[in-house]
Amino acid sequence: MKRTWLRGGVALGAAVAMLLTSACSDDGDGSDRTEAQFWHIQTGEGELPPVFTQIVEDFNAANPDVRIVEEPITNDDFKSTLATQMQAGDPPDIFHTWGGGVLEQYVNAGLVKDLTDEMPEVIAQIDPAILAPYTINGRVYGLPFDTGMIGIWYNRELFEQAGLDPDNPPTTWEDFLDAVQTLKEAGITPIAQAGQAPWTLHYWFSYLSLRIMGVDGYRQARDNKSFQEPGFLQAAQEFKRLIDMEPFQDGYLTMAYGGEGSGPAVMGSGQAAMELMGQWGQTVQEDSSGQVLGDEVIGWFPFPAVEGGAGSITDIYGGGNGHAIAADAPDFVVDFLEYFMTEGYPQILQVNPGIPVFSDMEIPEEEQNLRTIAEAVSNATEVQLYFDQDLPVTVGNQVNAACAAIADGSMTPEEAVQSMHDTFQAEPDFSVND
């Protein structure tokens, strides 16, 4: 599916050729460093990985004295692999980041380059709200190439088959559970889930926590390094309540996120009615299934409100994808990131629709789902970054693991929440700049 993206104002890439000098830097031992590692999470058979490769190849071709070396790592393995590298004090030169508390830990350890004065013209054209997860103490340490929120993708035709109104999807948690039951009774798998990827499971627990406690309630608990507030346990119990309804496709616990035979492939092939996923969800569904159902079939709605909860349906949970640079990376890596954001970014949007990070870009009119998501982001009353990125690495990993344990029955909700709390309590002092 090819898309045309519109820009107004002055093109950022106009002076890129002037920036791409054949730079090298000295590593301190008298030798010139001509290669730089680029760790990213674009793997698999979709359209995006070749675009990343092309951007790297184009930059390398224009700069024969230096070389960016791609090292794609699967999303499921990336966080732990990066954490190991960071703990060794040897970060890759440029690497994927979601920002938040994880990035802050690496910044505080002196491992990440301050980009504020490196490319001010690029930074000035990015919405400050989109930059917020990458901004620490007023300084910018990463640049986003994607932004948005988690919500529920749904198949309008399957809703109609089950007798549900596709123009009025559920707005409350109880109505959502009723819809799940209605779909089951109609012989339709209610929800596609990639259970092998725990981060996809944590969305249920996290959103329920925010709907029950409110964003402020969550942040107060986070700042207290605590998961003992009752809202977390209630969220875990509601997640277990959903699981007990058996809403997911058969074998979901062994299914990966992305690719043939994955959770998104189930949704993309019309074998399930819903999927809880980010703004990228429809693209991955299409790439994984090899089918294009289109916006006339696939719709989107925000995660429902929980009756009596402190959160609102207009509070959103999500974030985006970005890149950061190691503090000791050679100078040409900054040039590469600027090239990526100016010349490369429009190429990315052609195959990977998303809410543009630059204020002078417009979403094409035919991208109705994306426009709906962008409107929800624009009207958000609160915005909360993913728990597994907002929290320290070990805590975020435990949230994911505990949600997977609830799903497979190896932990009760009580045990799962207690494991999150115990992990957080074992962390050193921690802070997040909201």
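Counting restarts for each chain: residues are numbered from 1 in the order of the written sequence. Local features in a predicted model are, by the rule used here, given only for residues with pLDDT of at least 70; side-chain atom pairs are given and counted only at 80 or more, and totals for whole chains, interfaces and linings are based on all residues. Excluded from the side-chain calculations are hydrogens and water; all other atoms, namely the structure's heavy atoms, are used.

Novice: Please set out the overall build of the protein residue by residue, giving values where relevant.
Specialist: Here a strand is any run of E in DSSP of at least two residues, a helix any run of H or I of at least four, and the numbering for each starts at the N terminus. Summing up its helical and strand segments, the protein has 17 helices and 17 strands in all. Only the C-alpha atoms count toward the radius of gyration. The rule for a globule is 2.2 Å times the residue count to the power 0.38. Expected size for 434 residues packed as a compact globule is a radius of gyration near 22 Å; at 21 Å, the protein falls within 12% of this value. The buried share of the protein, reckoned over its 434 residues, is 58%. We call two residues in contact when some of their heavy atoms are within 4.5 Å. The contacts of the protein with a sequence gap of at least 6 include a subset with a gap of at least 24, amounting to 78%. Computed with a 1.4 Å probe, the accessible areas rest on the Shrake-Rupley method; for each residue, only the protein chains presented here act as cover. Summing over all exposed atoms, the protein offers an accessible surface of approximately 16900 Å²; the carbon and sulfur share of this is 46%. Counted as positive: Lys and Arg. Counted as negative: Asp and Glu, with His and the chain ends omitted from the count. Here the site of a charge means atom NZ of a Lys, CZ of an Arg, CG of an Asp or CD of a Glu. Of the charged side chains in the protein, 17 are positive and 67 negative, and the gap between their average positions amounts to 2 Å. Residue burial is assigned from relative accessible area. The probe radius is 1.4 Å, only protein chains are included, and a residue is buried under 20% of its type maximum, exposed over 50%, and partly exposed in between.

Novice: Go over the environment of Arg156 with me, naming the residues and quoting the values.
Specialist: Considering the arrangement of structural elements, one finds Arg156 in helix 7 (residues 156-161). The spacing of Arg156 and Leu391 is 235 residues in sequence and 36 Å in space, taken between C-alpha atoms. Within the structure, the side chain of Arg156 is placed 2.5 Å from the side chain of Asp167, a separation counted as a polar contact. In protein, a polar contact requires one atom able to donate a hydrogen and another able to accept it; more generally it is a pair of N or O atoms within 3.5 Å, and residues adjacent in sequence count only if both atoms are side-chain atoms.

Novice: Tell me about the pairing of strand 12 (residues 274-277), and name the residues and values.
Specialist: Neither face of strand 12 is open: one carries Met274 and Leu276, the other Glu275 and Met277, and all of them are buried. One ladder, built from four bridges, connects strand 11 (residues 151-155) with strand 12; its direction is antiparallel. Across the sheet, residue Ile152 finds its bridge partner in strand 12, namely Leu276. Pairing between strands requires that DSSP locate at least two bridges from one strand to the other.

Novice: Give me the lowdown on the pattern of salt bridges, citing residues and values where you can.
Specialist: Think of a salt bridge as a Lys or Arg side-chain nitrogen and an Asp or Glu carboxyl oxygen that are within 4 Å of each other. Summed over all chains, the structure comprises eleven salt bridges. Salt-bridge contacts for Arg222 lead to Asp390; the nearest nitrogen and oxygen are separated by 3.0 Å. Of this pair, Arg222 sits in helix 9 (residues 198-223) while Asp390 is found in helix 15 (residues 387-390), placing the two residues 168 residues apart along the sequence. Accessibility classification places Arg222 together with Asp390 in one group, the buried group. It is possible to trace a salt-bridge network through shared partners that takes in Asp114, Asp117 and Arg139.

Novice: Can you explain the packing of helix 2 (residues 48-62) against helix 13 (residues 331-351)? Please cite residues and give values.
Specialist: Packed helix pairs are specified by the crossing angle of their axes together with the interaxial distance, meaning the distance between the axes. The geometry of helix 2 relative to helix 13 is characterised by a closest axis approach of 9 Å and an angle of 140 degrees between their N-to-C directions. Considered as vectors, helix 2 and helix 13 are oriented oblique to each other. Crossing hand, helix 2 versus helix 13: right-handed. Facing Leu48, Val51, Phe52, Gln54, Ile55, Val56, Asp58 and Phe59 of helix 2, the residues of helix 13 in contact are Phe332, Asp335, Phe336, Tyr339, Phe340, Gly344, Gln347, Ile348 and Val351. Gly is put with the polar residues, along with every residue not named as nonpolar or charged; the nonpolar set is Ala, Val, Leu, Ile, Met, Phe, Trp, Tyr, Cys and Pro, and the charged set is Asp, Glu, Lys and Arg. Partitioned by chemical class, the residues of the contact of helix 2 with helix 13 number twelve nonpolar, three polar and two charged. Angles run from 0 to 180 degrees between N-to-C directions of axes, and those axes are lines fitted to C-alpha atoms, restricted for helices to the stretch in contact. Working definition: roughly parallel below 35 degrees, roughly antiparallel above 145 degrees, roughly perpendicular at 65 to 115 degrees, and oblique for all remaining angles. We call a crossing left-handed when the near helix sits turned anticlockwise from the far one by less than a right angle, and right-handed when that turn is clockwise.

Novice: Lay out the sheet that holds strand 11 with the relevant residues and their values.
Specialist: Spatially, the three strands line up as an open sheet ordered 12-11-13, and their pairing is antiparallel. The sheet is open, and its two edges are formed by strand 12 and strand 13 (298-301), each paired on a single side. If you compare each strand with its neighbour and ignore which way they point, the axes differ by 25 degrees on average. This element, helix 12 (residues 281-289), spans strand 11, strand 12 and strand 13 of the sheet and lies at about 45 degrees to strand 11. The strands touched by helix 14 (residues 368-378) are strand 11 and strand 13; relative to strand 13, the strand with the most contacts, the crossing angle is about 5 degrees.

Novice: An account of the nonpolar core is requested, with residue identities and associated values reported.
Specialist: A general feature of soluble globular proteins is that nonpolar side chains tend to end up buried together. Among buried residues, the Ala, Val, Leu, Ile, Met, Phe, Trp, Tyr and Cys ones that are joined through side-chain atoms within 4.5 Å form a nonpolar core. Counting residues in hydrophobic clusters, the biggest one holds 103 residues, and the most contacted among them are Phe176, Trp204, Phe205, Phe227 and Met274. It is helix 9 that provides the largest number of residues to this core, a total of 13 residues. Among all residues touching Met274, those that are not within four sequence positions of it are Ile152, Trp153, Tyr154, Phe159, Phe176, Val180, Leu183, Pro190, Ile191, Ala192, Met267 and Phe301.

Novice: Quick rundown of the confidence of the model for the protein? Include the residues and the values.
Specialist: Confidence scores here are pLDDT values: one per residue, from the predictor, ranging 0 to 100. Summarising the model, the protein shows a mean pLDDT of 90, and 91% of its residues fall at 70 or more. The model gives residues 1-31 a pLDDT under 50, and that stretch makes 73 contacts with residues more than four places away or in other chains.

Novice: Can you explain the sheet that holds strand 6 (residues 94-97)? Please cite residues and give values.
Specialist: An order of 5-4-6-15-9 is seen for the five strands of this open sheet, with the pairing classed as mixed. Of all the strands in the sheet, just strand 5 (67-72) and strand 9 (143-144) have a single pairing partner and so form its edges. Sheet analysis places strand 4 (residues 35-40) next to strand 5, joined by six bridges and oriented parallel. Bridge pairing in strand 5 places Phe38 opposite Glu70.

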